[in-house]
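Listed below, chain by chain, are the residues.
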Amino acid sequence: MVSTRSASAALTPRAGNSPDLTPPMTGGPKTRSSRAVASATKTSPQTFSHAPQPIVLLWLAVSIPLILWDSAYVLLRPHSMPGGKLHKPIWSLYTIYARVDYMYGFPQWEANNGFTAAQTTLNLIETVFLLAYAGLWYRHARPTGNKIGEKVVSGRPAALAVLLGFSACVMTLSKTVLYWLNEYFSGFGNIGHNSFVDLVVYWIIPNGLWLVFPTYILYQLGSEILDGLAGKVPPPTPTTYADALKKE
């Protein structure tokens with residue numbers, strides 16, 4: 001009973017004094033810089049960002065005009081073919097390629113083979129994705145401050161850009177593999193007449209580039225998508241810390 005009365009007395013405020021119900025401070029007040037670091041650490045992992053590598057931008061600059069040029073040739077046949085009224089000067093190089101690959105020449109055109117035109121239609125959809133990717137980056141990108149000319153796009157525009165770029169490269173790689181497999185399973189009926197040197201120079205190397213570059217870009221963009229889904233982001237950088245200080 002003595003212990004009970006002692007406990008009650010300890011809980012009863014004395015006259016003129018009010019009980020101090022404020023929890024004890026475990027540390028001193030936060031400084032301006034500590035609040036900035038906490039803010040930067042809290043917000044940075046929630047923002048997805050994307051800075052395309054120079055090789056990606058180079059591939060866009062090369063592949064988009066080539067796809068449009070090739071698509072116009074296919075869809076404007078026979079006027080764009082050798083002897084056609086639109087052939088020179090825009091599609092003069094197809095004089096050689098139409099003899100190397102019959103899918104682009106008269107044998108398959110006269111056979112009413114629609115494979116090339118069907119593939120070209122998908123090429124145009126792929127190009128729309130690539131243009132949207134480039135447009136999102138160009139419109140929303142800001143300098144990173146790390147490398148000269150390097151720009152980064154953040155948030156939803158970054159996520160959408162990576163998704164479109166990844167989808168476009170999947171289409172490119174799939175269609176190119178399908179094109180090669182079509183030749184294999186047809187007994188190389190459209191390219192088997194070439195010499196080994198002509199086949200390497202005019203068919204294997206040009207078409208091989210559409211396997212190598214999309215595969216590399218798929219790996220880069222796919223890694224970013226996986227890291228974003230897994231929540232793996234780099235820690236706050238000095239640039240992020242400085243930006244947080246400015247907001248205080």
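Our subject is the structure that appears above.
As the structure is a computational prediction, the values presented were derived from the model and not from experiment.

Asks: Give a detailed account of the side chain of Lys-175, specifying residues and quantitative values.
Replies: Tracing the sequence through the fold places Lys-175 in helix 7 (residues 156–185). Residue class for Lys-175 comes out buried when judged on its relative accessible area of 9%. Here the side chain of Lys-175 touches Asn-123 through a polar contact of 2.3 Å, side chain to side chain. Here Lys-175 is in contact with Gln-119, Leu-122, Asn-123 and Glu-126, once residues within four sequence places are set aside.

Asks: Explain the pattern of salt bridges residue by residue, including any values.
Replies: Inspection of the entire model under this criterion finds 1 salt bridge. A salt bridge links Glu-126 to Lys-175; the nearest nitrogen and oxygen atoms lie 2.9 Å apart. Here the residue Glu-126 occupies a position in helix 6 (residues 115–140), and Lys-175 occupies one in helix 7, the gap between them amounting to 49 residues. Of the two residues, Glu-126 and Lys-175, both sit in the buried class.

Asks: Give me the packing of helix 3 (residues 54–75) against helix 6: which residues, what numbers.
Replies: Look at helix 3 against helix 6: their axes get within 9 Å of each other, and the N-to-C directions meet at 145°. When you trace helix 3 past helix 6, the crossing you get is left-handed. Contacts between helix 3 and helix 6 pair Val-56, Leu-57, Leu-60, Ser-63, Ile-64, Ile-67, Leu-68, Asp-70, Ser-71, Val-74 and Leu-75 from the former with Thr-116, Ala-117, Thr-120, Asn-123, Leu-124, Glu-126, Thr-127, Leu-130, Leu-131, Tyr-133, Ala-134 and Trp-137 from the latter. Among the residues making up the contact of helix 3 with helix 6, the classes are represented as 15 nonpolar, 6 polar and 2 charged.

Asks: Can you explain the sheet that holds strand 1 (residues 49–50)? Please cite residues and give values.
Replies: Here we have 3 strands laid out as an open sheet, ordered 1-3-2, and antiparallel in their pairing. Strands with a single pairing partner mark the edges of an open sheet, and in this sheet they are strand 1 and strand 2 (142–143). With 2 bridges connecting them, strand 1 and strand 3 (residues 151–154) associate as antiparallel partners. Its bridge partner lying in strand 3, His-50 is registered against Val-153. Along the sheet face, helix 6 touches strand 1, strand 2 and strand 3 and points at about 100° away from the line of strand 3.

Asks: I'd like a description of the nonpolar core, backed by residues and values.
Replies: Grouped together as the largest cluster of nonpolar side chains are 17 residues, with contacts concentrated most on Leu-60, Leu-130, Tyr-133 and Ile-217. Where this core is concerned, the elements lending two or more residues are helix 3, helix 6, helix 7 and helix 8 (196–230). Filtering out sequence-adjacent residues up to four positions away, Leu-130 remains in contact with Leu-60, Ser-63, Ile-64, Ile-67 and Ala-168. Counting 14 residues, the second largest nonpolar core, distinct from the first, contains Val-74, Met-81, Tyr-97 and Tyr-104.

Asks: Residues and numbers for helix 3, please.
Replies: Taking 1.5 Å as the rise per residue, helix 3 with 22 residues should run 32 Å; its terminal C-alpha atoms sit 32 Å apart, in good agreement. Every buried residue of helix 3 is listed here: Val-56, Trp-59, Leu-60, Ser-63, Ile-64, Ile-67, Asp-70, Ser-71, Tyr-73 and Val-74.

Asks: Let's hear about the packing of aromatic side chains: which residues, and what values?
Replies: Per the stated rule, a full pass over the model turns up 13 aromatic pairs. A centroid spacing of 6.3 Å and a plane angle of 85° characterise the contact between Tyr-94 and Tyr-97, whose relative ring orientation is edge-to-face. One end of the pair, Tyr-94, and the other, Tyr-97, are both in helix 4 (residues 94–100), 3 residues apart, so they sit about a helical turn from each other. Across the pair, Tyr-97 and Tyr-94 agree in class, each one buried. For the ring pair Tyr-184 and Phe-185, a centre distance of 5.0 Å and an interplane angle of 80° mean the geometry is edge-to-face. Taken as a pair, Tyr-184 and Phe-185 share a single burial class, namely exposed. Within the aromatic cluster, the residues linked to one another by ring pairs are Trp-69, Tyr-73, Tyr-94, Tyr-97 and Tyr-104.

Rules used in this analysis
- Residues numbered from 1 in each chain as written.
- Predicted model: local features only at pLDDT ≥ 70, side-chain atom pairs only at ≥ 80, totals over all residues.
- Heavy atoms only, no water.
- Helix = DSSP H or I, 4+ residues; strand = E, 2+ residues; numbered from the N terminus.
- Buried < 20%, exposed > 50% of the residue type's maximum accessible area, 1.4 Å probe, protein only.
- Polar contact = N/O pair within 3.5 Å; in protein donor to acceptor, adjacent residues only side chain to side chain.
- Contact = heavy atoms within 4.5 Å.
- Salt bridge = Lys/Arg side-chain N within 4 Å of Asp/Glu carboxyl O.
- Axes fitted to C-alpha atoms, helices over the stretch in contact; angles between N-to-C directions.
- Left-handed = near helix turned anticlockwise from the far one by under 90°.
- Nonpolar A, V, L, I, M, F, W, Y, C, P; charged D, E, K, R; others polar.
- Pairing = 2+ DSSP bridges.
- Core = buried A, V, L, I, M, F, W, Y, C linked by side-chain atoms within 4.5 Å.
- Expected span 1.5 Å × (residues − 1).
- Phe/Tyr/Trp six-rings, centres within 6.5 Å; stacked < 30°, edge-to-face > 60°.

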